[in-house]
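Single-letter residue listing:
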Amino acid sequence: MADFNELGLSAPLLKGIEKLGFETPTPVQEKVIPHLLNSERSLVALAQTGTGKTAAFGLPLLELLDKEQKRKPQALVLCPTRELCMQIAGDLKDFAKYLDKVNILAVYGGAPIVNQMRELERGVNIIIATPGRMNDLLRRHKADLSEVKRVVLDEADEMLNMGFKEELDAILENVPATATTLLFSATMPRAVISIAKNYMHNPEEITIGKRNVGAENVSHEYCVVQARDRYKALKRIADFYPDMYGLIFCRTRVETQDVANRLMQDGYNAEAIHGDLSQAQRDRVMDKFRSRKLHMLVATDVAARGVDVSDLTHVINYQLPDDGEVYTHRSGRTGRAGRSGIAISIIHMKEQYRIRQLEKKVNKPFTRRMIPTGREVCEAQLFSMINRVKQVEVDHKLIDGYLPAIFETLDGMSHEDLVKHFVSLEFNRFLDYYRDAPDLNIVADDKKKEKFSKDMTCIYINVGKIDDLTAKELMQMLNEITESQINIGLIEIGKTFTLVDIDPKQVKNVLARLNDSLFVGDREVVARVDREKPKFRQGGSGGRGNFRPGGNRKRPNFNRNRKPNKYHQ
Ligand code: AMP
């Protein structure tokens, strides 16, 4: 692995990045920085968001500035949104902290153009701009790009998605043909290739990671619920991850606002961001989210493009996007900067085929996960609280004065009673809410069984509801007996048998394990590939589980607490 000192950067810039805590260059930096410092050849870099692109182009832009030429801009960075524009300008200013004065100007719509014109008049070294405003300034003859030596097109695919093609063309016509162009894009659709062809002469191409591949650290999951249970499913997921710091994607502005309103009414730390909000409102929400005062941001795709947070734990697709490309962008918002992230899609049955398409798109398997049961949610919350209790720093200065009175009030309570009371105080409401919470997972629907996927293999298993089998337990069992993550599609639990779609590659292993003297309750399991799917009795296979935490329901003979050898008798 290279060292920043070996990349050819000067001492003030090295000091700047050291101050930011960057220790080793990311792969994109390792490739792009030496290239830019040593060559004038244009470059097309296929790189995901969050890979350290800004420093990869920003440090060389700063390094290569001609100190004598102070008035006219020498470098132009174009990016899709105002937020990204401010972010890049802020990053460059941080990198340049120990350089002699460098003027970096962000120009974007929604801010007074006169101020930007005044700054340009005074002299600017590097412009960071959104295409619309840059073009506006050019039309008014307020920006002179005749001395620009390097142009960066950041998130080129996003700029084209947002309809900036004509603006980009107009701007690039104003840049000298000799300028080096650097194009960064997470994906390489035809429109981006044509920009590269038109404005770049024989560019070098580099790929960080694979083409169109979802970010490495993101695990892709989905859950299948009735369309009407979408919101409840979202709440369960949010409750199951008490430390969630996530983006929730909806398709329309109205739905975005509606979901955010419902979350807020239900006491969640959530807000919406979408195009119907004023710029000031969007800025306020983004500030809150960035500083983690807000834990969940419900967003439309367009508004989310400005979200520049790199440590999101979750991306939730409340609705799948129509376009696979958009899915890649959404999921790439998590799993950044070396952290892991989870992208969860809440879908209904008819959308299952979309998951197969998306698997091909991101070239990674998706895992079907079950919506947590009420009991699991309560457990997750409880243990999160207990951990917080354990980890909280006690500030003696603040509380010591109150302690004698507190001890006096609690005098006589045992340690055990104290714990019970504190937990109950925090949790009664939660436990109450989830006491009779239904299973939201779709496990069967006799009218829709033709939806079993053509890409999956349907397995018939001779156990069902009379053996107290639930979909969740079936999934756990399959994962446990095979000691792997089984890719499962639709599950249909009948009275005496079960049909489950699984990945064809895993069929052999699954059948071998299922047929290896495994018992569910008192019944020995027999499983086979289902050639003739048995007809379900009318109305006889409703899939809503009736598991109640702490209830008396008889549990099947496998569950997480049992060791695998207990299944084998
Ligand atoms: P970017 O792709 O430029 O938006 O960067 C994603 C995140 O990674 C930002 O928070 C950067 O501050 C951070 N970052 C970039 N380069 C490095 C590095 N070499 N070491 C550590 N963090 C970095």
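Refer to the structure presented above.
Residues numbered from 1 in each chain as written. Predicted model: local features only at pLDDT ≥ 70, side-chain atom pairs only at ≥ 80, totals over all residues. Heavy atoms only, no water.

A. Region of the structure containing a nonpolar patch on the surface. Residues Val392, Val394, Leu398, Ile399, Tyr402 and Ile406 make up a contiguous nonpolar surface patch of about 590 Å² in total accessible area. Within the element layout of this structure, Leu398 appears in helix α17 (residues 396-399). By relative accessible area, which is 60% here, Leu398 ends up exposed. (Patch = residues over 30% accessible without salt bridge, like charges linked within 9 Å, V, L, I, M, F, W, Y side chains within 5 Å. Areas by Shrake-Rupley, 256 points an atom, 1.4 Å probe, with all protein chains shown as cover. Salt bridge = Lys/Arg side-chain N within 4 Å of Asp/Glu carboxyl O. Helix = DSSP H or I, 4+ residues; strand = E, 2+ residues; numbered from the N terminus. Buried < 20%, exposed > 50% of the residue type's maximum accessible area, 1.4 Å probe, protein only.)

B. Quick look at the side chain of Gln69. With respect to the helices and strands, Gln69 occurs in the loop between α3 (53-63) and β2 (75-78). Using a relative accessible area of 18% as the deciding quantity, one classes Gln69 as buried. Looking at Gln69, its side chain comes within polar contact range of the main-chain nitrogen of Arg71, at 3.4 Å. (Polar contact = N/O pair within 3.5 Å; in protein donor to acceptor, adjacent residues only side chain to side chain.)

C. Fine view of the site of the ligand. Thr24, Gln29, Thr51, Gly52 and Thr54 are the nearest of the 13 residues found near the ligand. In this structure, Thr24 approaches the ligand through a main-chain N or O atom, which is 2.9 Å from a nitrogen atom. One nitrogen or oxygen atom from the main chain of Lys53 is found 3.3 Å from an oxygen atom belonging to the ligand. Taken by itself the ligand offers 490 Å² of open surface, and the protein chains cover 73% of this. Class assignment of the residues belonging to the shell around the ligand gives a composition of 4 nonpolar, 8 polar and 1 charged. (Near = heavy atom within 4 Å. Nonpolar A, V, L, I, M, F, W, Y, C, P; charged D, E, K, R; others polar.)

D. Expanded view of the sheet that holds strand β8 (residues 218-224). A sheet is described by the order of its strands in space; here 7 strands give the open sequence β10-β11-β9-β12-β13-β8-β14, paired in parallel fashion. The outermost strands of the open sheet, each flanked by one partner alone, are β10 (270-273) and β14 (367-368). Bridge analysis of β8 against strand β13 (residues 341-347) gives 7 bridges, and the strand direction is parallel. What sits directly across from Ser219, in β13, is Ile342. On the sheet, helix α10 (residues 230-240) packs against β8, β9 (246-249), β11 (296-299), β12 (314-317) and β13 and is oriented at approximately 160° with respect to β13. (Pairing = 2+ DSSP bridges. Contact = heavy atoms within 4.5 Å. Axes fitted to C-alpha atoms, helices over the stretch in contact; angles between N-to-C directions.)

E. Helix α4 (residues 82-95), seen in detail. Taking 1.5 Å of rise per residue, the 14 residues of α4 would be expected to cover 20 Å, and the 20 Å separating its terminal C-alpha atoms lies within 8% of that figure. When we look at burial in α4, the residues that qualify are Arg82, Glu83, Leu84, Cys85, Ile88, Ala89, Asp91, Leu92 and Phe95. (Expected span 1.5 Å × (residues − 1).)

F. Quick look at the pattern of salt bridges. A complete count under the given rule lists 26 salt bridges for this structure. Arg41 is the salt-bridge partner of Glu204, the closest N and O atoms lying 3.7 Å from each other. Taken together, the residues Glu204 in strand β7 (residues 204-207) and Arg41 in the loop between α2 (27-38) and β1 (43-46) connect sequence positions 163 residues apart. Lys165 is the salt-bridge partner of Asp169, the closest N and O atoms lying 2.6 Å from each other. In this pair, Asp169 and Lys165 are both assigned in helix α8 (residues 165-173), 4 residues apart and thus about one turn of the helix distant. Residue class for Asp169 comes out buried when judged on its relative accessible area of 19%. Using a relative accessible area of 32% as the deciding quantity, one classes Lys165 as partly exposed. A single network of salt bridges, built from pairs that share partners, joins Lys53, Asp154 and Glu155.

G. Up close: the packing of aromatic side chains. One pass over the full model with this rule turns up 6 aromatic pairs. Here the aromatic rings of Tyr245 and Phe289 are separated by 4.9 Å at their centres, their planes lie at 40°, and the arrangement is tilted. On the criterion of sequence distance, the pair formed by Tyr245 in the loop between α10 and β9 and Phe289 in helix α12 (residues 279-290) is long-range, its members being 44 residues apart. Classification of Tyr245 by relative accessible area gives buried; the value is 2%. Note on Phe289: relative accessible area 0%, which makes it buried. Look at Tyr460 and Phe497: their rings are 5.6 Å apart centre to centre, the planes differ by 25°, and that puts the pair in the stacked class. (Phe/Tyr/Trp six-rings, centres within 6.5 Å; stacked < 30°, edge-to-face > 60°.)

H. Structural view of the pairing of β11. Burial of β11 is two-sided: the residues Met296 and Val298 facing one way and the residues Leu297 and Ala299 facing the other way are all buried. Where β9 lies against β11, 4 bridges are found, and the strand directions are parallel. Counterpart to Ile248 in the pairing with β11 is Val298. Sheet topology note: the β10/β11 ladder contains 4 bridges and is parallel. Along β11, the bridge assignment pairs Ala272 with Val298. In this fold, the crossover linking β10 to β11 by way of α12 has right-handed handedness. (Right-handed = clockwise from strand over helix to strand, strands pointing away.)

I. View of α12. Across its 12 residues, α12 extends 16 Å between first and last C-alpha, which sits within 8% of the 16 Å expected from 1.5 Å per residue. Listed in full, the buried residues belonging to α12 are Gln279, Val285, Met286 and Phe289. The arc that holds the buried residues of α12, viewed along the axis, is 125°, so those residues lie on one side. In the core, the buried residues of α12 are packed alongside α4, β9, β10 and β11. (Arc of directions from axis to C-beta.)

J. Structural context of the packing of helix α5 (residues 113-122) against helix α6 (residues 131-139). Contact pair α5 / α6: the axes reach a minimum separation of 12 Å and the direction vectors enclose 65°. When the axis of α5 is compared with that of α6, the two are roughly perpendicular. Crossing angle aside, the handedness with which α5 passes α6 is right-handed. Contacts between α5 and α6 pair Ile113, Gln116, Met117 and Leu120 from the former with Arg133, Asp136 and Leu137 from the latter. Looking at the contact of α5 with α6 residue by residue, the class counts come to 4 nonpolar, 1 polar and 2 charged. (Parallel < 35°, antiparallel > 145°, perpendicular 65-115°, else oblique. Left-handed = near helix turned anticlockwise from the far one by under 90°.)

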